[in-house]
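This is what each chain is made of:
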2 protein chains.
Amino acid sequence: MASRLTRYERVAALVEDQVRRGVLRGGERAPSLRSLSRHERVSIGTVLEAYARLEGRGILEARPRSGFYVRLPEADRPPEPRFHQRTAVPARLGTAAVVSAVMDAAADPRVVPLGAACPSPGLLPYRMLNRCLRATIARDATHSVRYDPAGGSDALRRQLARRALLYGCELAPADVLVTCGATEALHLALRAATRPGQLVALESPTYFGIVQVVAALGLRAVELPTHPRAGLDLGRLAALLRTHAIAACIAMPTLQNPLGAAMPLEAKRELVTLLARHDVPLVEDDVYGDLVFDVARPPAAKSFDRKGLVLYCGSFSKTLGPGLRVGWVAAGRFTAAVARLKRSSTVATASLPQAAVARFLERGSYERHLRRLRRTFAGQVGRMSAAIARTFPAGTRISRPAGGFVLWVELPPGTDAIAVHRRALAAGISTSPGPIFSASGRFGNMMRINCGHPWSPRIERAVATLGQLVG
Amino acid sequence: MASRLTRYERVAALVEDQVRRGVLRGGERAPSLRSLSRHERVSIGTVLEAYARLEGRGILEARPRSGFYVRLPEADRPPEPRFHQRTAVPARLGTAAVVSAVMDAAADPRVVPLGAACPSPGLLPYRMLNRCLRATIARDATHSVRYDPAGGSDALRRQLARRALLYGCELAPADVLVTCGATEALHLALRAATRPGQLVALESPTYFGIVQVVAALGLRAVELPTHPRAGLDLGRLAALLRTHAIAACIAMPTLQNPLGAAMPLEAKRELVTLLARHDVPLVEDDVYGDLVFDVARPPAAKSFDRKGLVLYCGSFSKTLGPGLRVGWVAAGRFTAAVARLKRSSTVATASLPQAAVARFLERGSYERHLRRLRRTFAGQVGRMSAAIARTFPAGTRISRPAGGFVLWVELPPGTDAIAVHRRALAAGISTSPGPIFSASGRFGNMMRINCGHPWSPRIERAVATLGQLVG
């Protein structure tokens, strides 16, 4: 078993073991990067990688210009949010105005950005991106005055197909359609796989954008319990499939938003097999898949797709730039239908951003950028978690995400997260209140916190203010 | 009356009068630019503008390096297509594959581009556009790593609102939403104004993209007779509104695709008033409005909108660059609904193309570019019309468009335009067969011909080949 661990996993396991056995105690300084690197005969980068993972899991915490410290023991940490086990009945949404407020705040630099899941612009590789944009303009002056093929530029589709191997999928360029971000991918996938009025199965909680697409398409939703660590409850899904006609299931198996849950590989296989047995399409939202902390990139549920029933949706909005509006969908047997729908809804995706992303991927700098970004997010998530634990009232519970850059926070029973959201916005702080993550307005005392921005006094103050507003 | 004519209209009227009175005869050389300029005390540019209009109307024809000549008299010219007067019953579409073939051919440089309505890349201002793109990158390095507001960049919305005055509309920036091309504008406008299963009124023939959106949204279509010169038959529309519940009417009042019809201003007013009386929204597709040959820019139907019932859709795809994917919608009372739908379908439009278009408009070079483009298209339309008249069999009828760059061609009775389309494609020539311009597959012996490319021996040969395939 040990031999199958990567080097940084071995180093992380070593330190974690020392903490568990009490060799290293809460509040103590962890071994320096240099000493551990010498001792374990690994590079400093490997130790840094290991420490970032331990930080993401809440075992270490980084202190600026001071190194890594052991966090307080488990008993002193806030517990994780509860697993909400009820299967919710189909319902209609009434939280569009709150979602608009969350999204509008994201475009307003005066608001502290703890609401929408936006990485800090400073963490995204805009200099390299701009180089790629300029190089595209220089190499192909007429990029924007031609129509690209509706499915996307050939160069980008080749790169997307090549990269799909990293998450276990063998795709040809023709299997991949470029979209205006993952939202268009989800939108077209659902339109291809369902008809208005049909019933779809959602994770609960789930990304509010999914709730909105489902509502906008006139679909009805069943919300399935989703475990904060293990993801979608397959037993409940199996029961639902026996009793109801389900048109599609929408899930984020690799890294769930807002929970940060990661389904084990076997569960992913079972999910795909179970749905395939009932001929139910799976819309797999993998927007955060590249940002899993622990391993390079676990295989997607799509990798188990034998019947062309999985519509895999991806995006560069969380890792390269949301303003590019470049996403994609590998829609299996629905590919022709999605292409047709794309033609009648946006015709094609803007040419220049596509060409620049293809160039970025060709140069091979994307994987290096992802490694750095994951490490950064792990640190920011750890620091935000610690700050919430310090400043929020007793009874607060905090998720332990497997990656990405959001935390799911359960506030003390009776707290009204929408009221907190409103009060916080009035104080110049954006949050995403729980009810927008549900088609039936559940999770009234939950909120999602964006950790996409580097830690700063401004954010520290905002978290303290939030704690007071909650308490 | 005469005093209200612009200078070039006065010059055009003068020459047209001479042709009508037989002072200038078919085949004769028209007065040289220089002599007419001196004689009428106008600039050479004004005479050129006048001649381009006369060329667009088929009165003169330009011969390379030789000047302008009077076309053969009316009696020898092919007649215009007939006015198809039946109101077609709701029907389903079965021509998606043909549309795909037309669109795919547009992205294939080996095919002679007489199918999709694409201007030649060489006629679009890509050098200036690239300068604007580079300037945007230089001025704002983080343009693509932030989320733009869902409604679009403030700079672009300001420019769009400013320009709306040119077509008679007083709009605030907040009234305008930026979209991924006019297709997204149409798509969102229809989704906001209708529900699946409802009945919408279409022009007949109409742009095939509209037929596709209507089908994709599960709407049913009634096709209203549309006159090749005067546009939508308002009597028929009035009758329809009395007998049927119509959810929306979709029309191109300023410049109709494929007919090239331009509704007189009074008819536009009547259209808006009539629909408003029944509280029926008008989706106004004005993609070709900037390309009307005869006057600078007639007011849009939207300019008569008093109840917020007109959803005006525009685009830069025909005049700046289709690969930018920048369009817009001014949706009146549906603005909030369209914004919400935009958020759940593509979130926002790509940032960099928006910023570059805003910069292009700010610099004021757009109007100058449009003047040149209209003149060019008028010439190309005239030349194509003459070539079709020469090479197609007797019984062919050709439209006399008021602007734009397509011709609507009625082939001799019994000709199967889809069969011609297939044979032509096999010979490396793309055409748009009539049935795709109808929700019920009418216009079996019609075809639309793209004149967006400069005249060339390659195009001349292709037209001759088409004539043989038809005959």
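Residues numbered from 1 in each chain as written. Chains lettered and ligands numbered in written order. Predicted model: local features only at pLDDT ≥ 70, side-chain atom pairs only at ≥ 80, totals over all residues. Heavy atoms only, no water.

For the rest of this paragraph, the subject is helix α7 (residues 181-193) of chain B. Along its 13 residues, α7(B) runs 19 Å from first to last C-alpha, staying within 8% of the 18 Å computed at 1.5 Å per residue. Counting buried positions along α7(B) yields 13 of 13 residues, so the element is predominantly enclosed. (Helix = DSSP H or I, 4+ residues; strand = E, 2+ residues; numbered from the N terminus. Expected span 1.5 Å × (residues − 1). Buried < 20%, exposed > 50% of the residue type's maximum accessible area, 1.4 Å probe, protein only.)

Moving on, we get to the environment of A:Val23. Residue and element names in this part refer to chain A. Relative to the elements of secondary structure, Val 23 occurs in the loop between α1 (7-20) and α2 (33-40). Counting along the chain gives 247 residues from Val 23 to Glu 270, while the straight-line C-alpha distance between them is 40 Å. Contacts of Val 23, omitting those with residues within four sequence positions, involve Gln 18 and Glu 28. (Contact = heavy atoms within 4.5 Å.)

On to the sheet that holds strand β12 (residues 397-398) of chain A. All names here are of chain A. Strand order in the open sheet made by the four strands is β12-β13-β16-β15, with antiparallel pairing throughout. Every other strand in the sheet has two partners, leaving β12 and β15 (432-433) as the edge strands with one partner each. In terms of strand pairing, β15 meets strand β16 (residues 446-450) through two bridges, oriented antiparallel. Looking at the pairing, Pro 433 lines up with Met 447 of β16. (Pairing = 2+ DSSP bridges.)

Attention now goes to the relation of the copies chain A and chain B. Placing chain A over chain B gives an RMSD of 0.1 Å and needs a rotation angle of 180°, together with 0.0 Å of translation along the axis. Such a turn and shift between the copies fits a two-fold axis. (Least-squares fit on C-alpha atoms with pLDDT ≥ 70 in both.)

Moving on to the pattern of salt bridges. Tallying each qualifying case throughout the model produces 38 salt bridges over all chains. B:Asp290 serves as the salt-bridge partner of B:Arg297, at 2.6 Å between the closest nitrogen and oxygen. Given the relative accessible area of 13%, B:Arg297 is considered buried. On the basis of relative accessible area, B:Asp290 is assigned to the buried category, the value being 6%. Via salt bridges that share partners, A:Arg163, A:Asp286, A:Asp290, A:Arg297 and A:Glu367 belong to a single interconnected network. (Salt bridge = Lys/Arg side-chain N within 4 Å of Asp/Glu carboxyl O.)

A:Pro205 follows A:Ser204 through a cis peptide bond whose omega is 0°. Take A:Pro205: it is sitting in the loop between β5 (199-204) and α8 (208-216). Look at the link from A:Asn257 to A:Pro258: it is a cis peptide, with omega at 15°. Within the fold, A:Pro258 resides in the loop between β8 (246-251) and α10 (265-277). Even without being a glycine, A:Arg41 presents a positive backbone phi close to 55°. Summarising the element assignment, A:Arg41 is placed in the loop between α2 and α3 (44-56). The phi angle at B:Arg325 is positive, at roughly 55°, despite the residue not being glycine. In this structure, B:Arg325 sits in the loop between β10 (310-315) and β11 (327-330). With relative accessibility at 5%, the residue B:Arg325 sits in the buried group.

Angle between the axes and distance between the axes: these two values describe a pair of packed helices. Residues and elements named next belong to chain B. Between helix α3 (residues 44-56) and helix α13 (residues 365-391), whose axes approach to 7 Å, the crossing angle comes to 35°. When you trace α3 past α13, the crossing you get is left-handed. On the side of α3, the interface is formed by Gly 45, Leu 48, Glu 49, Ala 52, Arg 53, Glu 55 and Gly 56, while α13 contributes Arg 374, Arg 375, Ala 378, Gly 379, Gly 382 and Arg 383. For the contact of α3 with α13, a count of residues per class yields three nonpolar, four polar and six charged. (Axes fitted to C-alpha atoms, helices over the stretch in contact; angles between N-to-C directions. Left-handed = near helix turned anticlockwise from the far one by under 90°. Nonpolar A, V, L, I, M, F, W, Y, C, P; charged D, E, K, R; others polar.)

At the interface, 53 residues of chain A touch 53 residues of chain B. Buried area between chain A and chain B, both sides added, is near 4500 Å², and the carbon and sulfur share of it is 67%. The three residues of chain A that bury the most area against chain B are A:Val145, A:Tyr147 and A:Arg343, which together make up 17% of that side's buried surface. Where chain A packs against chain B, one counts two salt bridges. A salt bridge links B:Asp104 to A:Arg343; the nearest nitrogen and oxygen atoms lie 3.1 Å apart. Seen at the junction of chain A and chain B, the total is 25 residue pairs in polar contact (both at pLDDT 80 or more). Secondary structure elements with two or more residues in the side of chain A that touches chain B: α4 (96-106), α5 (126-139), α7 (181-193), α8, α11 (335-345) and α12 (351-362) of chain A. Of all the elements, α5(A) adds the most residues to the side of chain A that touches chain B, at six residues. Residue composition of the side of chain A that touches chain B, grouped by class: 28 nonpolar, 16 polar and nine charged. (Buried area = accessible area lost by both parts, 1.4 Å probe. Polar contact = N/O pair within 3.5 Å; in protein donor to acceptor, adjacent residues only side chain to side chain.)

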